[in-house]
Amino acid sequence: SPAQPEIRGRMGAPQKNQKQLPLRPAGAETVEALLLWYGSERRHLPWRYGPRKKADPYRVWLSEIMLQQTTVKAVIPYFQKFVARWPTVAALASAQLEEVLQQWAGLGYYSRARNLKACADAVVRDFGGVFPRTEKQLLELPGIGPYTAAAIAAIAFGEKATPVDGNIERVVSRLFAVQQALPASKPEIRRLAATLTPTRRAGDFAQAMMDLGAEICAPKNPSCLVCPLQQDCAANARGLAELLPVKAPKMARPSRYGVAFLVQRDDGAVLLRQRPEAGLLGGMLEVPSTHWGDAPPPKKEALRAAPVTTSWMPVPGTVVHVFTHFRLELVVYRALVPVDASFTLWAEQERCRWVQRRDLHAQALPSVMKKVIAHGMNAA
Ligand code: SF4
């Protein structure tokens, strides 16, 4: 019966005095209430422009690429560093890829940095340095998927587009009490979000939804009592807020194992290797390692992948790093070699380079490799 919450779970039965339907279904008045709230309560972020203000598409694009799979807090210093160094898309296009990767190091998901550079190049080459304004044209640029295209079209150009990120997904599933589980419910959530998108101020609307999701409609303990949309919210009326959105159970994250070889030359330089262009951490530098497999490699087999002929000392403990799709556990072997150390494989030598310890911070080193170096050096 509609008098019962449809989802049974931690919250159990509805409270006696609970309303069953929102006072009004989400619609134009919801948008108005939200925009009013946004006017005074929005987050002040370095890439943001005030309500009804014209945004710089370059800054909107840069922030949206950086924010993919990354928190606002982590992005802020990177965004500031990038716009100080490359204030326009043309400036970024004229930078070297290596330099962009170096500045990106630590932000993760490095294919984004490669696409960032490729996209800046394409905007300058194909559009005379001016970002195109429609979702369709934006989608053709490197690194821009449906969400980012909609976000740029709405926020930078005020086009009637509906970006749906994790925050908006949560707010919409609650506003409309969507009970199908994610990710199957995504198309329905997108459809419902689009029904709310106003023709005017679509960018402010998108950002207001993001802010509401971040500040009020939090994953746990949403602040429904101070929410400007409380009257319009079906989940709140039915006591379902905390149970939504429903998520399909996650697959366990598999573990992978390997051995990393930290070689230091007697002049202090460390051996780094460039990863292949395609795939995980493409083109970044790494401490040479074995293949990352399903089980820790036996010592004898691991040593066959050692880049230099020398005697190796295993460092006690392991380095653990969690990627999106797997957890990586690396044992580190370290060695000190003379300046004329010989490589085990000549083919490897082309991808390897010696980097002085003091220059390590300026390299395009992913976080996992910084951990490996710290672990190996601390044992010294
Ligand atoms: Fe989210 Fe509660 Fe607001 Fe509904 S009333 S949108 S559940 S914070």
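As a convention, each chain's residues are numbered from 1 in the sequence order in which they are written. At least 70 in pLDDT is required for a residue's local features to be given in this predicted model, at least 80 for side-chain atom pairs to be given and counted, and no such filter applies to totals for whole chains, interfaces and linings, which use all residues. Hydrogens are left out, water is left out, and the side-chain values use all remaining heavy atoms of the structure.

1. A word on the overall build of the protein chain
Alright, step 1. Counting secondary structure elements, the protein chain contains 15 helices and 7 strands.
Alright, step 2. For the protein chain, the spread of C-alpha atoms along the three principal axes comes to 80 × 55 × 30 Å.
Alright, step 3. Burial classes follow relative accessibility: with a 1.4 Å probe on protein chains only, a residue under 20% of its type's maximum area counts as buried, one over 50% as exposed, and anything between as partly exposed. Counting across all 380 residues of the protein chain, residues that qualify as buried make up 49%.
Alright, step 4. Any two residues having at least one pair of non-hydrogen atoms within 4.5 Å are treated as being in contact. A fraction of 69% describes how many contacts in the protein chain between residues 6 or more apart in sequence connect residues 24 or more apart.
Alright, step 5. For accessible areas, the Shrake-Rupley method is used with a probe of radius 1.4 Å. Any residue's cover is judged against the shown protein chains and nothing else. For the protein chain, the exposed surface amounts to about 18900 Å²; the carbon and sulfur share of it is 55%. The numbering of helices and of strands both runs from the N terminus, where a helix is a DSSP run of H or I of at least 4 residues and a strand a run of E of at least 2.

2. What to know about the site of the ligand
Alright, step 1. What makes a residue near a molecule or strand is one non-hydrogen atom of that residue sitting within 4 Å of it. The immediate surroundings of the ligand are formed by Arg174, Ile216, Cys217, Cys224, Cys227, Gln230, Cys233, Asn236 and Ala241.
Alright, step 2. In this structure, the ligand is accommodated by the largest cavity.
Alright, step 3. Of the residues in the shell around the ligand, the class split is 6 nonpolar, 2 polar and 1 charged. Grid points spaced at 1 Å over the protein atoms alone were grouped into cavities, where a 1.4 Å probe fits but cannot get out, and pockets, open sets with protein on both sides within 12 Å along at least five of seven lines, with lining residues defined by an atom within 4 Å of a point. A molecule is counted as occupying a cavity or pocket when more than half of its atoms fall within 2 Å of that pocket's grid points. Residue type decides the class: Asp, Glu, Lys and Arg count as charged, Ala, Val, Leu, Ile, Met, Phe, Trp, Tyr, Cys and Pro as nonpolar, and the leftover types, Gly among them, as polar.

3. Points about the pattern of salt bridges
Alright, step 1. Every case where a carboxyl oxygen of Asp or Glu lies within 4 Å of a side-chain nitrogen of Lys or Arg is listed as a salt bridge. Going through the model one piece at a time under the given rule, you end up with 15 salt bridges.
Alright, step 2. Between Glu286 and Arg273 there is a salt bridge, with its nearest N and O atoms 2.9 Å apart. Residue Glu286 is found in strand S3 (residues 285-286), and its partner Arg273 is found in strand S2 (residues 270-274); the two are separated by 13 residues along the sequence. An identical accessibility class is assigned to Glu286 and Arg273; each is buried.
Alright, step 3. A salt bridge links Glu286 to Arg275, with the shortest nitrogen-to-oxygen separation between them at 2.7 Å. Within this pair, whereas Glu286 is found in strand S3, its partner Arg275 is found in the loop between S2 and S3, the two being separated by 11 residues in sequence.
Alright, step 4. Residues joined by salt bridges that share partners form a network here, namely Arg43, Arg48 and Asp211.

4. Structural notes on the environment of Ala194
Alright, step 1. Tracing the chain through its elements places Ala194 in helix H10 (residues 186-196).
Alright, step 2. For Ala194, a relative accessible area of 37% puts it in the partly exposed group.

5. Focus: empty space enclosed by the protein
Alright, step 1. Grid points are joined across faces, edges and corners, and a volume is the space filled by probe spheres set on the points. Applying the stated criterion to the full structure yields 2 cavities of 30 Å³ or more.
Alright, step 2. Taken as a whole, the largest cavity holds about 120 Å³ of empty space.
Alright, step 3. Along the wall of the largest cavity there are 15 residues; nearest its centre are Arg174, Cys217, Cys224, Cys227 and Cys233.
Alright, step 4. Broken down by element, the residue count for the lining of the largest cavity peaks at 3 residues, all from helix H9 (residues 166-175).
Alright, step 5. Broken down by class, the residue content of the lining of the largest cavity amounts to 11 nonpolar, 3 polar and 1 charged.
Alright, step 6. Estimates place the volume of the second largest cavity at around 30 Å³.
Alright, step 7. If you trace the second largest cavity, you find it lined by Ala161, Thr162, Pro163, Ile168, Ala193, Thr197, Phe205, Ala206 and Met209.
Alright, step 8. Along the lines of polarity and charge, the residues of the lining of the second largest cavity split into 7 nonpolar, 2 polar and no charged.

6. Overview of unusual backbone geometry
Alright, step 1. The linkage connecting Leu182 with the following residue, Pro183, adopts the cis geometry, with an omega of 5°.
Alright, step 2. Looking at where Pro183 falls in the secondary structure, it is placed in the loop between H9 and H10.
Alright, step 3. Cis geometry marks the peptide bond from Leu244 to Pro245; its omega dihedral reads -10°.
Alright, step 4. Non-glycine residue Tyr109 carries a positive phi angle of around 45°.
Alright, step 5. Along the chain, Tyr109 turns up in the loop between helix H5 (97-104) and helix H6 (111-127).
Alright, step 6. By relative accessible area, which is 33% here, Tyr109 ends up partly exposed.
Alright, step 7. Phi angles above zero are rare outside glycine, and Leu281 is one such case at about 50°.
Alright, step 8. Secondary-structure assignment places Leu281 in the loop between S2 and S3.
Alright, step 9. Taking the relative accessible area as the measure of exposure, Leu281 reaches 8% and is therefore buried.

7. Thoughts on the side chain of Arg273
Alright, step 1. A relative accessible area of 8% places Arg273 in the buried class.
Alright, step 2. Identification of polar contacts relies on pairs of N or O atoms within 3.5 Å, with a donor-acceptor requirement for protein atoms, meaning one able to donate a hydrogen and the other able to accept it, and with residues adjacent in sequence counted only if both atoms are side-chain atoms. A distance of 3.1 Å separates a polar atom in the side chain of Arg273 from the backbone oxygen of Ser289.

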